[in-house]
Amino acid sequence: MLREAHLSDKENIAIDVRDAVKRYGDFTALKKISLSIMDNEFFTLLGPSGCGKTTLLRMIAGFEDVTEGAIFLYGDEIENLPPNKRPVNTVFQNYALFPHMTILDNVAFGLEMRGASKADARTKAGEMLELVQLSQFSARKPSQLSGGQQQRVALARALAPQPKVLLLDEPLSALDLKLRKAMQLELKHLQRETGITFIFVTHDQEEALTMSDRIAVMSAGEMQQLGSPTDIYERPHNMFVADFIGETNLLEVSVDGIADGRATCHLGGGHELTCNAVDGIGVGSKVHMSIRPERLYMSAEPTASEGLHGRVKDNIFVGTDITTIVQLDEGPDFVVRTSNSDRGNKRIFEPGTEMFVNMERGAARLLAD
Amino acid sequence: MAAGAASGGSATTDTYKEARTWLLLPAWVTLCILILAPVLMMLVYSFLTKEFRGGVIWEFSLAAYDQFFFDRGLFGDDPPKIEWTYIAIFWRSIWQAGAATLLSLVIGFPTAYFIATRAENMRPVWVFLITIPYWVNLLIRTVSMKFLLRDQGPLNDFLINIGLIDSPLHIVNTNFAVQLGLFYSYLPFMVLPIYAAVERYNFNLSEAAADLYASKWTTLRRILLPAVKPGVIAGCILVFVPSMGSFLAPDLLGGAKNFMIGSLIEEQFKGNAGNWPFGAAASMILLTMVLIILMIFARQQAKAEKSGG
């Protein structure tokens, strides 16, 4: 089952999870997950709650044992080591700062445990606090800091012992939106600056898209798709990914014909669309099609052969965009998003107006399941 | 209260104050009858003159305290020397209670930790199991303990049978037997407050410590213990204080040689041979000692907290 780690793997692959299974009694939390996380990568485990992403992170940290399979850290098998023997550190969701210690002692703790003298540990901890701009709070107790400040202390504490890999378990979920956005950038920046591999767990797809080099989308203990943010947004493999990442029009279609790598799909109500054919989806299959709302536009006259005729039901103003809900003639509802900055080029129609919905080339994708 | 005063004049405030007085009354009455009155009575009695065959004569006297601290010879006319007998009994009481507290802590802490780390629905079951023996009267439990520990008792039989010892261990009538008796009498008072503290403990902190390369022992010492310290202190006080004044365990398990302050006081109020003012004086001295020990403890605690320990 276990292949030999190659020398190049040893340097390039920070964490190698091989066929990892986690069972709690009869319940299987993780079903045979395999993935390789590269050195110096900002890697995100993304999925709804209960998908197994936190379980996987805790298995890498050593808080959960691995029912089956193996985990390698730069080529060394680690799944049987206790957490204090693994050179990885964690930023916990609730921060888990030691309440009876000062901020400085919190940050110095890991350094001290790794054998640094108390004075050295404190000096280095001071430098870490400078990095996260909290030097002036070093003598305070955690309870005297705000949530955002505690968050940065947790980060400094986990980074201080210079771990090979930093694990972050939904660290931003307790912060308000504005602070969260600022921290996202700060985290990304810290990752670049330190060169440490980050493994980030979140249920927030926008956060994942913003920060990650690569994302593993998980659901029900299985990995649904692994790829760059562009990959999983533009080319979702299946319905779950298309639906979970961003907003999309998910349509039930039947494939009527395939020619020259293009599939002709029937939407119901006499509407037809063509899109790139997908291996494994043949003529006669009933599948789903995903079209992102921002890749649709409206016009009074059909601009292409594929303009779909319908009537505007409602316009919703959401700040940067206007979301238009369109009812196709005897067909499904469509959501069309028009950027406010694009209003000069693209038309907005009043509710009740009849119009055509058009699609940018390559916007529609057939999904396997 | 401020809002009430602003809108409805002083009537609302007065009603509120009156209600508070009445509602607090039961608490005050209980405190006075059960705590203040007995202590005051004891204080008064300790300054009265003893009546032979028990009881007191209502005449002010310092004889009880004098008897406790000074030796004036058989007829009371020698120059006063310090009387060591009672001070020694006091010292032994502190020592025995301290040992029993330590024993309770060593056994009680892991027990409490064990209970607090069980599944949530099993914790009340374990707490219940811990308290079951305490439904039996203390006297009966202590006598049973003597039976178990005596030279021909089940413990010695067992140890001889498995070949660990050749002749019975003499446990009854030793200091250790008393410590064992006190430990057994008050163990739940150690377990329950520590259990409550550990149950509130955020085990994420232990994970964080392990994540930061701390061993299990270091995590216990540097993270868990400081977090549950209030529970440990409460447990120690709850075991130490009643152990100091206990007389059943020392009487039944310790014999005449291992007399403790509780037994001394009990003797003074028993039958016709007693000396009520002397018993009251010894009680007051015991109370003062306990308070002093607790105050020293509290002060050191505050100091440790201040220095950021």
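All of these numbers come straight from a predicted model, not from anything done at the bench. (Residues numbered from 1 in each chain as written. Chains lettered and ligands numbered in written order. Predicted model: local features only at pLDDT ≥ 70, side-chain atom pairs only at ≥ 80, totals over all residues. Heavy atoms only, no water.)

Peer 1: How should the overall build of chain B be read in this particular structure?
Peer 2: Tallying secondary structure elements over chain B gives 13 helices and 4 strands in all. Whereas a compact globule of 309 residues would reach a radius of gyration of roughly 19 Å, chain B reaches 25 Å, over 25% beyond that. C-alpha extents for chain B along the principal axes are approximately 80 × 70 × 40 Å. Relative to its full complement of 309 residues, chain B shows a buried share of 36%. A separation threshold of at least 6 residues defines the contact pool for chain B, and within that pool the share at least 24 residues apart is 61%. On chain B, roughly 18200 Å² of surface is accessible, and the fraction owed to carbon and sulfur atoms is 70%. Taking the average location of the 22 positive side-chain charges in chain B and that of its 20 negative ones, the two points are 7 Å from each other. (Helix = DSSP H or I, 4+ residues; strand = E, 2+ residues; numbered from the N terminus. Rg over C-alpha atoms; globule rule 2.2 N^0.38 Å. Buried < 20%, exposed > 50% of the residue type's maximum accessible area, 1.4 Å probe, protein only. Contact = heavy atoms within 4.5 Å. Areas by Shrake-Rupley, 256 points an atom, 1.4 Å probe, with all protein chains shown as cover. Lys, Arg positive; Asp, Glu negative; His and termini not counted. Charge placed at Lys NZ, Arg CZ, Asp CG, Glu CD.)

Peer 1: Even after reading the chapter, I still don't get the environment of Thr-15 of chain B, so can you show me in this structure?
Peer 2: Residues and elements named next belong to chain B. With respect to the secondary-structure elements, Thr-15 resides in helix α2 (residues 10–46). We classify Thr-15 as exposed; its relative accessible area is 51%. With 24 residues separating them along the chain, Thr-15 and Val-39 place their C-alpha atoms 34 Å apart.

Peer 1: Is there a simple way to explain the UniProt feature "domain: ABC transmembrane type-1" (unreviewed entry) in chain B in this structure?
Peer 2: Under the feature "domain: ABC transmembrane type-1" (unreviewed entry), the UniProt entry names residues 90–297 of chain B. What you have in residues 90–297 of chain B is 75% helix and 0% strand, and the ends, taken at the C-alpha atoms, are 19 Å apart. (UniProt positions renumbered as here; feature names shortened; annotations may be inferred.)

Peer 1: Could you clarify how one ought to interpret the UniProt feature "transmembrane region" (unreviewed entry) in chain B in this entry?
Peer 2: This chain's UniProt record puts "transmembrane region" (unreviewed entry) on residues 22–48, 94–115, 127–149, 176–198, 231–249 and 276–297 of chain B. Structurally, residues 127–149 of chain B is divided into 74% helix and 0% strand, and its ends, taken at the C-alpha atoms, are 26 Å apart.

Peer 1: Where do I start with the nonpolar core in this structure?
Peer 2: Where a protein is soluble and globular, its nonpolar side chains tend to be buried together. The biggest cluster of nonpolar side chains holds 73 residues, and the ones touching the most others in it are Ile-15, Leu-35, Leu-45, Leu-56, Phe-98, Val-165 and Ile-199 of chain A. Broken down by element, this core gets its largest block of residues, 13 residues, from helix α8 (residues 175–200) of chain B. Setting aside residues no more than four positions away along its own chain, Leu-35 of chain A makes contact with Ile-15, Asp-16, Val-17, Phe-43, Leu-45, Leu-56, Ala-216 and Met-223 of chain A. Counting residues in each nonpolar core, the second largest holds 35 residues, with Phe-42, Val-91, Ala-125 and Leu-159 of chain A among its members. (Core = buried A, V, L, I, M, F, W, Y, C linked by side-chain atoms within 4.5 Å.)

Peer 1: What exactly am I supposed to notice about the interface of chain B and chain A here?
Peer 2: For interface size, the figure often reported is the accessible area lost on association. Between chain B and chain A, the residue contacts involve 17 residues of the former and 26 residues of the latter. Of the roughly 2000 Å² buried at the junction of chain B and chain A (both faces included), carbon and sulfur atoms supply 58%. Our count for the chain B to chain A interface comes out at 2 salt bridges. Scanning the region where chain B abuts chain A turns up 8 residue pairs in polar contact (both at pLDDT 80 or more). Elements represented by at least two residues in the side of chain B that touches chain A include exactly α9 (204–211) and α10 (216–245) of chain B. Of all the elements, α9 of chain B adds the most residues to the side of chain B that touches chain A, at 7 residues. (Buried area = accessible area lost by both parts, 1.4 Å probe. Salt bridge = Lys/Arg side-chain N within 4 Å of Asp/Glu carboxyl O. Polar contact = N/O pair within 3.5 Å; in protein donor to acceptor, adjacent residues only side chain to side chain.)

Peer 1: Just checking my understanding: could you explain the confidence of the model for chain B for this structure?
Peer 2: Note: predicted coordinates in regions of low pLDDT should not be interpreted at a detailed level. Residue and element names in this part refer to chain B. Taken over all residues, the pLDDT of chain B has a mean of 86, while the share at 70 or more is 94%. When pLDDT is averaged over each element of chain B, α9 comes out on top at 94 and helix α1 (residues 2–8) at the bottom at 43. For residues 1–8, every residue scores under 50 in pLDDT, and the model assigns this stretch 5 contacts once sequence neighbours within four places are set aside. Interface predicted TM-score (ipTM) for the complex: 0.80; the corresponding pTM is 0.78. (pLDDT = per-residue confidence, 0-100.)

Peer 1: How do you make sense of the packing of helix α6 (residues 138–149) of chain B against α8 of chain B when you look at a structure like this?
Peer 2: Geometry of a packed helix pair, given as the angle between the helix axes and the separation of the axes. All names here are of chain B. Contact geometry for α6 and α8: axes closest at 11 Å, N-to-C directions at 140 degrees. Classed by the angle they form, the pair α6 and α8 counts as oblique. Pair α6 / α8 crosses with right-handed handedness. Along its contact with α6, which presents Leu-138, Arg-141, Met-145 and Leu-149, the element α8 presents Leu-180, Gly-181, Tyr-184 and Ser-185. (Axes fitted to C-alpha atoms, helices over the stretch in contact; angles between N-to-C directions. Parallel < 35°, antiparallel > 145°, perpendicular 65-115°, else oblique. Left-handed = near helix turned anticlockwise from the far one by under 90°.)

Peer 1: Whenever I open this one, the pattern of salt bridges confuses me. Can you help?
Peer 2: Side-chain pairs of opposite charge can arise whenever the charged atoms involved come near each other. Counted according to the given criterion, the structure contains 27 salt bridges over all chains. Across the salt bridge formed by Glu-234 of chain A and Arg-295 of chain A, the nearest N and O atoms sit 3.5 Å from each other. Pair noted here: Glu-234 of chain A is in helix α8 (residues 229–234) and Arg-295 of chain A is in the loop between β14 (286–291) and β15 (296–299), with a separation of 61 residues, a long-range link. Of the charged contacts in the structure, one is a salt bridge between Arg-123 of chain B and Glu-199 of chain B, with a shortest N-O distance of 3.0 Å. Taken together, the residues span a long stretch of sequence, with Arg-123 of chain B in helix α5 (residues 123–131) and Glu-199 of chain B in helix α8 at a distance of 76 residues. Bridged by salt links that share partners, the residues Lys-22, Arg-58, Glu-64 and Asp-65 of chain A together with Glu-207 of chain B form one connected network.

Peer 1: When you look at the domain arrangement of chain A in this model, what are you seeing that I'm missing?
Peer 2: Residue and element names in this part refer to chain A. Structurally, chain A comprises domain 1 (2–239) and domain 2 (247–367). Summarising the inter-unit geometry, the C-alpha centres of domain 1 and domain 2 are found 39 Å apart. The largest contributions to the domain 1 side of the interface with domain 2 come from Tyr-233, Pro-236 and Met-239, which together make up 71% of the buried area. Viewed at the interface, domain 2 and domain 1 are joined by 1 salt bridge. On the surface where domain 1 and domain 2 come into contact, there are 3 residue pairs in polar contact (both at pLDDT 80 or more). Broken down by element, the residue count for the side of domain 1 that touches domain 2 peaks at 3 residues, all from α8. When the residues that make up the side of domain 1 that touches domain 2 are grouped by side-chain class, the tally is 4 nonpolar, 2 polar and 2 charged. (Domains from an automatic or database assignment. Nonpolar A, V, L, I, M, F, W, Y, C, P; charged D, E, K, R; others polar.)

Peer 1: Would you explain the UniProt feature "domain: ABC transporter" (unreviewed entry) in chain A in this entry?
Peer 2: Mapped onto the present numbering, the UniProt feature "domain: ABC transporter" (unreviewed entry) falls on residues 15–245 of chain A. Along residues 15–245 of chain A, the helical share is 36% and the strand share 27%, with 25 Å between the first and last C-alpha atoms.

Peer 1: Help me understand the packing of aromatic side chains in this model?
Peer 2: Each pair of aromatic rings is reported with the distance of its centres and the angle of its planes. Under the defined criterion, the tally for this structure stands at 21 aromatic pairs over all chains. Geometrically, the ring pair formed by Phe-68 of chain B and Phe-69 of chain B is edge-to-face, given 5.0 Å between the ring centres and 65 degrees between the ring planes. For Phe-68 of chain B, a relative accessible area of 1% corresponds to the buried category. Members of the aromatic cluster, each reached through a chain of ring pairs, are Phe-68, Phe-69, Tyr-86, Phe-90 and Phe-278 of chain B. Above the face of the Tyr-213 of chain B ring, Arg-114 of chain A is positioned so that its terminal group lies 4.2 Å from the ring centre. (Phe/Tyr/Trp six-rings, centres within 6.5 Å; stacked < 30°, edge-to-face > 60°. Lys NZ or Arg CZ within 6 Å of the ring centre and 35° of its normal.)

Peer 1: I tried to follow α5 of chain B on my own but got confused; where do I start?
Peer 2: Each full turn of the α-helix corresponds to 3.6 residues, which orients residues three or four apart in the same direction. All names here are of chain B. Those residues of α5 that fall on the buried side of the exposure criterion are Arg-123, Val-127 and Ile-130. Buried residues of α5, viewed axially, fall in a sector of 55 degrees; they line one side. Against the buried residues of α5 lie α4 (84–116) and α8. (Arc of directions from axis to C-beta.)

Peer 1: Looking at this model, I keep getting lost on the sheet that holds strand β17 (residues 321–328) of chain A. Mind explaining?
Peer 2: Whether parallel or antiparallel, the strands of a sheet pair through hydrogen bonds between backbone atoms. All names here are of chain A. With antiparallel pairing, 5 strands are arranged side by side in an open sheet as β15-β19-β16-β17-β18. In this open sheet, the two strands that pair with only one neighbour each are β15 and β18 (333–339). Ignoring which end each strand starts from, the neighbouring axes of this sheet average 45 degrees apart. Alignment of strand β16 (residues 308–317) against strand β19 (residues 354–359), held across 4 bridges, turns out to be antiparallel. Residue pairing in the sheet places Arg-311 in a bridge with Glu-354 of β19. (Pairing = 2+ DSSP bridges.)

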